[in-house]
Amino acid sequence: MNNQSLKPLAAAISLGLIAEIPAAALAAPVVEEVVVTATKRAESIQDVPISVSAFTGDYLENSGLSDLEDLGNIAPNLGVTKSSQAVSQRISIRGVGTVGNNAMDPSVAVYIDGAYVSRPGALLGNLQDIEVAEVLRGPQGTLFGRNAAMGALNLRTKAPVLGEDSVKVKAGFGDYGAYQTTAIANKALGSRASGRVVASMAGEDGYGKNRFDGEEGVGASRAESLKTSLLFEPADTLSVLLRADYQELSGEGPVIEVLPESATPERLATLNYLGIAPDVSGLDHEINQLHEDDMADRQWGLLLDTTWDEAIAGHTLRSITSYRDWQNRTLENSVFRLPLEDLARETHYYSDTFSQEIQLISPTGDSFDYVAGLYYFQEDYDIDQTAHLGSAFCPMTGAVNPAFASLCAGAAQVNVTPSEFFQRAESIAAFIQGTYHATEQLDLTFGVRYSDDDKDGSFLVKSNNPIASALLAAPDHQLAFADEQTTWVANARYFVDNDIMAYFTVSTGYKSGGLNSVMTRGGLTGDQRLFDSEEVMNYEFGLKSTLLDGSLVANASLYRTDIENFQDRSFENLTYVIANAGELRQQGLELDMQYYPMDQLMINFGYAYLDSEFLEFDNGSNLPGMAGTRDLAGTRNRYSPENQVNLTSQWTQPIGDSGMAWFLRGEMKWTDEANVGARPTTTRRQSRMPTRWPICVWA
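Residues numbered from 1 in each chain as written. Predicted model: local features only at pLDDT ≥ 70, side-chain atom pairs only at ≥ 80, totals over all residues. Heavy atoms only, no water.

Right, let's get into the sheet that holds strand S8 (residues 108-112). Taken together, 5 strands build an open sheet; the order of strands is S4-S10-S11-S8-S9 and the sheet is mixed. In this open sheet, the two edge strands, each paired with only one partner strand, are strand S4 (51-56) and strand S9 (115-117). Averaged over all pairs of adjacent strands, the angle between their axes in this sheet comes to 20°, without regard to strand direction. (Pairing = 2+ DSSP bridges. Helix = DSSP H or I, 4+ residues; strand = E, 2+ residues; numbered from the N terminus. Axes fitted to C-alpha atoms, helices over the stretch in contact; angles between N-to-C directions.)

Okay, structure coming up:
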């Protein structure tokens, strides 16, 4: 159940223009100041009393990052992984996250241009034209609200630039048929308006090999996206920014490998006797299974961001209105990952979200400043799922009882267990966070947020085949969940001098409860379909420093996070069921450093130590074939490796006085052993990218 690996993630060689960085600028290397909006204000990352990693658009571009999963390769204690369904993307911070192929809310809130994106599956695709990507670790329940129990990702794309006419074209290619092209145009529309368009196409042929049908290049994918934005500033104190985006994705599904430790000798002997044993050679990107998976994903969104400076007594008034429509169809042609036509699963996801946030931001310069706001969110979420029987499924049931095979074959073979899950979620919130500047060196901050969540839903299922329905069936239910939560944060920030800052924070957060959206063998009762909200308490001490005349930035944080009513997702009755565990503790250390030892060389180092333990978990699922529950107290949480290391280095060399430069960049991530399987069984499946070699040219 463990995984220990050394992962060289990317090595890139790129030739292009590095704007505004002539050779003379390299004579006095300093770490670039990154401005973040983690506190709803623009501040230097070194002044923000939060454990945060931030990456500029240039940094992401030089790394060759193309999607959110890549961001997890460079940020300490951030994990982004996918499983058999690409839509089941898991985003975790400090070892706690949520997969995206069910109705659970995320543990890590993701905001794009200030708007909350509720479904991890809707975050598939390209990271293009990013201004700054911020990884906020620890509960962000006061300013970022519900479902930021473990942290938040705050992504800001670039806005149109007033008075600028420019075109940028980037093209790249790599092994496994990988390619990426992006065109960015900025156009001035008079002195007070400007527009921006970003068009992108990307794809790859896949890197897996299937012995079942001889196919090479398993896991091909394609992506196309278009983003437009219009900025209008009718007055010096008023800004109106309208954004629109559209994206289409398609793919065959990732390589799903069956690990040798997940197949018992008895089970493997039986499969070998039947001639249907999967490939169990480990993580070598080689499989022996029916793999005709297919995925089609489409989404579009609108966002209106209006900022009015000095609107009320010197205060800034900001309104963010957002709408997003997301649809995904995923077909898994072999649920059991065997070299035969067994059981196919087809799932359709539909999400329509609307959100409105109003912020009141006080002016700075006095002894007290604050941010206050109101928030509304609504989502209609559908998960429609069915199963299709392969030619081998009914004969396989005959091994249990010969009558089953004929009964199965005489009923429907397609759309055998259609189910419809629907959920409408509404959330309202009010928040305020203020900072008292007690002295020139000491700041005291306190914030509070009230949230009210309501969810109504239904689960309907139909049986078209009695044998298949005996495996996956469920009674119909009308469901409802409601909760009210008050979260808060208290923080003390002390500037030792101009270069060193220390902080201590106590904060709370929560992840909304909700509804189980899955079919199970034997079904769930109405009460079993509900699970309660997680409640989080976090203690954190941190240091931030800028040393060696600005050439070294070194930040560290110590934390302890206690999670009550942890929402555990265990494998039961042929599917994953969500229930509340007892108490989970996550504690550890994070280091984040960037250093320029010489003019041309940059080194970025990240390290995370994580101590994970269930302090209470007496209702854990038992081992397969054993009745009842078992006590899992003292065990680690899944996806909680003890050690992680991120290392990036880049050598930049100017090309004479041309204003251009070439650079050589290497990146590596090492992750300690971790349980990445379904508790408590020994089955584990994982997809992992091999070493890549992209080459990019842009102008």
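Having seen it, we continue.
Our focus in this paragraph is the packing of aromatic side chains. This structure, assessed with the given rule, holds 10 aromatic pairs. Centroid distance Phe55 to Tyr59: 5.4 Å. Interplanar angle 40°. Geometry classified as tilted. One exposure class covers both Phe55 and Tyr59, and it is buried. Aromatic pair Phe354 and Tyr376: ring centres 6.4 Å apart, planes at 55°, arrangement tilted. Of the two residues, Phe354 sits in strand S23 (residues 343-361) while Tyr376 sits in strand S24 (residues 368-389), which places them 22 residues apart along the sequence. On the basis of relative accessible area, Phe354 is assigned to the partly exposed category, the value being 33%. Ring pairing ties together the aromatic residues Tyr111, Tyr116, Phe144 and Phe377, which thus form one cluster. The residue whose ring lies beneath Lys40 is Tyr111, and the NZ or CZ to ring-centre distance is 5.6 Å. It is Arg119 that lies over the ring of Tyr381; its NZ or CZ is 4.0 Å from the centre. (Phe/Tyr/Trp six-rings, centres within 6.5 Å; stacked < 30°, edge-to-face > 60°. Buried < 20%, exposed > 50% of the residue type's maximum accessible area, 1.4 Å probe, protein only. Lys NZ or Arg CZ within 6 Å of the ring centre and 35° of its normal.)

When you line up the elements, Arg243 lands in strand S18 (residues 238-251). Here the side chain of Arg243 touches Asp113 through a polar contact of 3.4 Å, side chain to side chain. In this structure the side chain of Arg243 is engaged in a polar contact, spanning 3.4 Å, whose partner is the backbone oxygen of Lys158. (Polar contact = N/O pair within 3.5 Å; in protein donor to acceptor, adjacent residues only side chain to side chain.)

Turning next to the environment of Lys187. Mapped onto the elements of the fold, Lys187 is located in strand S13 (residues 179-188). Overall, the relative accessible area of 47% leaves Lys187 in the partly exposed class. C-alpha of Lys187 to C-alpha of Pro160: the two residues are 27 residues apart in sequence and 7.9 Å apart in space. In contact with Lys187, other than residues within four places in its own chain, are Glu164, Asp165, Ser194 and Gly195. (Contact = heavy atoms within 4.5 Å.)

Moving on, we come to the sheet that holds strand S7 (residues 96-98). Across the sheet, 3 strands lie side by side as S5-S6-S7; this open sheet has antiparallel pairing. The open sheet has two free edges, formed respectively by strand S5 (78-81) and S7, since each of these has just one partner strand. Across the sheet, the mean angle separating the axes of adjacent strands is 15° when strand polarity is ignored. Where S5 lies against strand S6 (residues 90-93), 4 bridges are found, and the strand directions are antiparallel. Pairing of Leu78 across the sheet is with Ile93, part of S6.

What follows covers the pairing of strand S14 (residues 193-204). Among the 12 residues of S14, 9 are classified as buried, and the element is accordingly described as predominantly covered. Examined bridge by bridge, S13 and S14 share 10 bridges and lie antiparallel to one another. Across the sheet, residue Ala185 finds its bridge partner in S14, namely Val197. Between S13 and S14, which follow one another and run antiparallel, lie 4 residues, and Gly190 among them has a positive phi close to 85°. Pairing of S14 with strand S17 (residues 221-235) involves 12 bridges; the strand directions are antiparallel. Bridging from a neighbouring strand, Val198 pairs with Lys227 of S17.

What follows deals with the pattern of salt bridges. Under the definition given, this model contains 32 salt bridges. Put simply, Glu590 and Arg94 hold a salt bridge, and the shortest N to O gap is 2.8 Å. Remark: Arg94 occurs in the loop between S6 and S7 and Glu590 occurs in strand S35 (residues 583-598); sequence separation between them is 496 residues. For Glu590, a relative accessible area of 3% translates into the label buried. A relative accessible area of 0% means that Arg94 is categorised as buried. For the salt bridge of Arg345 with Glu332, the shortest nitrogen-to-oxygen distance reads 2.9 Å. Here Arg345 is found in strand S23, whereas its partner Glu332 is found in strand S22 (residues 315-332), with 13 residues between them in sequence. In this structure Arg345 comes out as partly exposed when scored by relative accessible area, which is 27%. (Salt bridge = Lys/Arg side-chain N within 4 Å of Asp/Glu carboxyl O.)

To continue, consider the pairing of strand S25 (residues 419-437). Relative to S25, S24 runs antiparallel, the two being bridged by 18 bridges. Within the sheet, the bridge partner assigned to Tyr381 lies in S25 and is Gln423. For S25 and strand S26 (residues 442-461), the ladder comprises 19 bridges, and the chain directions are antiparallel. Bridge pairing in S26 links Gln433 to Gly447. Following S25, the chain reverses through 4 residues before pairing antiparallel with S26.

On to empty space enclosed by the protein, then. Enumeration according to the criterion identifies 3 cavities of 30 Å³ or more in this entry. The computed volume of the largest cavity comes to approximately 650 Å³. Contributing to the lining of the largest cavity are 41 residues, with Ile112, Thr157, Lys227, Asp245 and Arg324 lying nearest its centre. Going through the elements one at a time, S9, strand S11 (151-157), S14, S17, S18, strand S21 (294-312), S22 and S23 are the ones with two or more residues in the lining of the largest cavity. (1 Å grid on protein atoms, 1.4 Å probe; cavity = no way out; pocket = protein on both sides within 12 Å on 5 of 7 lines; lining within 4 Å. Points joined across faces, edges and corners; volume = space filled by probe spheres on them.)

Together, Asp532, Glu535, Glu564, Glu616, Asp618 and Asp631 make up a region of like negative charge exposed at the surface. Its place among the elements puts Glu564 in strand S32 (residues 552-564). Note on Glu564: relative accessible area 37%, which makes it partly exposed. (Patch = residues over 30% accessible without salt bridge, like charges linked within 9 Å, V, L, I, M, F, W, Y side chains within 5 Å. Areas by Shrake-Rupley, 256 points an atom, 1.4 Å probe, with all protein chains shown as cover. Lys, Arg positive; Asp, Glu negative; His and termini not counted. Charge placed at Lys NZ, Arg CZ, Asp CG, Glu CD.)

Quick look at the nonpolar core now. If you look at the biggest cluster of nonpolar residues, it comprises 46 residues, and the most contacted ones within it are Leu60, Leu71, Leu78, Ile91 and Leu153. No other element matches strand S10 (residues 130-137), which puts 3 residues into this core. Other than its neighbours up to four places away in sequence, Leu71 contacts Phe55, Leu60, Leu65, Leu78, Ala133, Val135 and Leu155. (Core = buried A, V, L, I, M, F, W, Y, C linked by side-chain atoms within 4.5 Å.)

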